Amino acid sequence: MFDSPVTPTITSDKKSYVPLDIDVSPFDNSNTKKEGVSRTYKGCDGYSPNFSYLGQEGYVVNVELREGSTHVQKDTEKFLEKSIKYARMITDISLLVRMDAGNDSVENLKVCVSEKANFVIKRNPRREKPENWLMVAEQFGKCVQEREGKRVFYGAVNATPKGMKNSIRQVYRVIERTIDKTGQILLVPDIEFESYWGSVRKMRLS
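Note that the structure is predicted; figures quoted are calculated from it, not measured.

Draft legend 1. Main features of the environment of Ser16. Here Ser16 lies in the segment before strand E1 (18-24). Judged by its relative accessible area of 47%, Ser16 is partly exposed. Taking C-alpha positions, Ser16 is 19 Å from Lys85, a pair spaced 69 residues apart along the chain.

Draft legend 2. Representation of the side chain of Ser195. Among the secondary structure elements, Ser195 is positioned in strand E12 (residues 185-198). A relative accessible area of 3% means that Ser195 is categorised as buried. Looking at Ser195, its side chain comes within polar contact range of the side chain of Arg123, at 2.8 Å. Not counting the four nearest positions on each side in its chain, Ser195 is found in contact with Lys122, Arg123, Trp133, Val171 and Tyr172.

Draft legend 3. Quick look at the packing of aromatic side chains. In this structure the tally under the stated criterion is four aromatic pairs. Arranged with centres 6.1 Å apart and planes meeting at 35°, the rings of Phe27 and Phe51 form a pair that is tilted. Taken together, the positions of Phe27 in strand E2 (residues 27-28) and Phe51 in strand E5 (residues 50-54) put the pair 24 residues apart, joining distant regions of the chain. On the basis of an interplanar angle of 20° and a centroid distance of 5.7 Å, the ring pair of Trp133 and Phe193 is categorised as stacked. Here Phe193 lies in strand E12 and Trp133 lies in helix H3 (residues 130-140), a separation of 60 residues in the sequence. In this structure an aromatic cluster arises from ring pairing among Phe27, Phe51 and Tyr53. Over the face of the ring belonging to Trp197 we find Arg123, whose NZ or CZ atom lies 5.0 Å from the ring centre.

Draft legend 4. Broad picture of the pairing of E5. Most of E5 sits out of view: four of its five residues are buried. Judged from the five bridges that link them, E1 and E5 form a sheet pairing that is antiparallel. Within the sheet, the bridge partner assigned to Ile22 lies in E5 and is Ser52. Relative to strand E6 (residues 59-64), E5 is paired through five bridges, and the arrangement is antiparallel.

Draft legend 5. Focus on the packing of helix H1 (residues 76-90) against helix H2 (residues 106-114). Direction vectors running N to C along H1 and H2 enclose 20°, while the axes themselves pass 9 Å from each other. On the basis of their axis angle, the class for H1 and H2 is roughly parallel. In this structure, H1 meets H2 at a crossing whose hand is right-handed. Mapping the contact onto sequence places Thr76, Glu77, Leu80, Glu81 and Ile84 in H1 and Glu107, Asn108, Val111 and Cys112 in H2. Broken down by class, the residue content of the contact of H1 with H2 amounts to four nonpolar, two polar and three charged.

Draft legend 6. Layout of unusual backbone geometry. Although it is not a glycine, Asn31 adopts a positive phi angle of roughly 65°. Tracing the backbone shows Asn31 in the loop between E2 and strand E3 (38-39). Judged by relative accessible area, which is 83%, Asn31 ranks as exposed. Unusually for a residue other than glycine, Arg126 sits at a positive phi of about 45°. As for its position among the elements, Arg126 is in the loop between strand E8 (118-122) and H3.

Draft legend 7. Seen up close, the sheet that holds strand E9 (residues 142-147). Judged by pairing direction, the sheet is mixed, and its nine strands sit side by side in the order E6-E5-E1-E7-E8-E12-E11-E10-E9 without closing on themselves. Every interior strand has two partners, whereas the edge strands, E6 and E9, have only one. Each adjacent strand pair in this sheet contributes to an overall mean axis angle of 20°, direction not counted. With respect to the sheet, H2 is in contact with strand E7 (95-99), E8, strand E11 (168-179) and E12, its orientation differing from that of E8 by roughly 165°. Where H3 meets the sheet, its contacts fall on E9, strand E10 (150-159), E11 and E12, and the angle it forms with E11 comes to roughly 105°.

What counts, and at which threshold
Residues numbered from 1 in each chain as written. Predicted model: local features only at pLDDT ≥ 70, side-chain atom pairs only at ≥ 80, totals over all residues. Heavy atoms only, no water. Helix = DSSP H or I, 4+ residues; strand = E, 2+ residues; numbered from the N terminus. Buried < 20%, exposed > 50% of the residue type's maximum accessible area, 1.4 Å probe, protein only. Polar contact = N/O pair within 3.5 Å; in protein donor to acceptor, adjacent residues only side chain to side chain. Contact = heavy atoms within 4.5 Å. Phe/Tyr/Trp six-rings, centres within 6.5 Å; stacked < 30°, edge-to-face > 60°. Lys NZ or Arg CZ within 6 Å of the ring centre and 35° of its normal. Pairing = 2+ DSSP bridges. Axes fitted to C-alpha atoms, helices over the stretch in contact; angles between N-to-C directions. Parallel < 35°, antiparallel > 145°, perpendicular 65-115°, else oblique. Left-handed = near helix turned anticlockwise from the far one by under 90°. Nonpolar A, V, L, I, M, F, W, Y, C, P; charged D, E, K, R; others polar.

Below you can see the structure in the form of structure tokens.
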């Protein structure tokens, strides 16, 4: 007789979502002549496989070997769709897809929406100006004075990505420094920002 298969423990977060993390992880195969080895975005020669990990335990539910020079977003929407389906074969808990800025793509957003999967995808700032985000944050965001000369704003706005019909939340954090940490007053304020596409109503950026 064979023992019954052991069901893996899948740990959700405090909001009862199971994270499904998807990311490219370049492998360094420098000084080899293996088929498909080419320059990766990490600056080494190797492969650029795509992985999807489920739960806080990090179970691999999908993997795709790709040549090193393959663009991070190439066919990722298909990989994402399969990963969501594989993950749902393992757990009934609501999924939370998490992706980095390299996968800021309307195709990925469409997959998450059509598959009814929650998501947090870091946005690629592209040519967005920090000064414009500061104006938005000052008008709509919540300001935290972390120290003299440093303001941090948190907030969210709705925006409709090009190619989609419905709006999606953009959660943001904007930091303005007029005095640096040594006490030096800056002639020009230092402004930085980050933003995320998110379907989760409450997100904390720290």
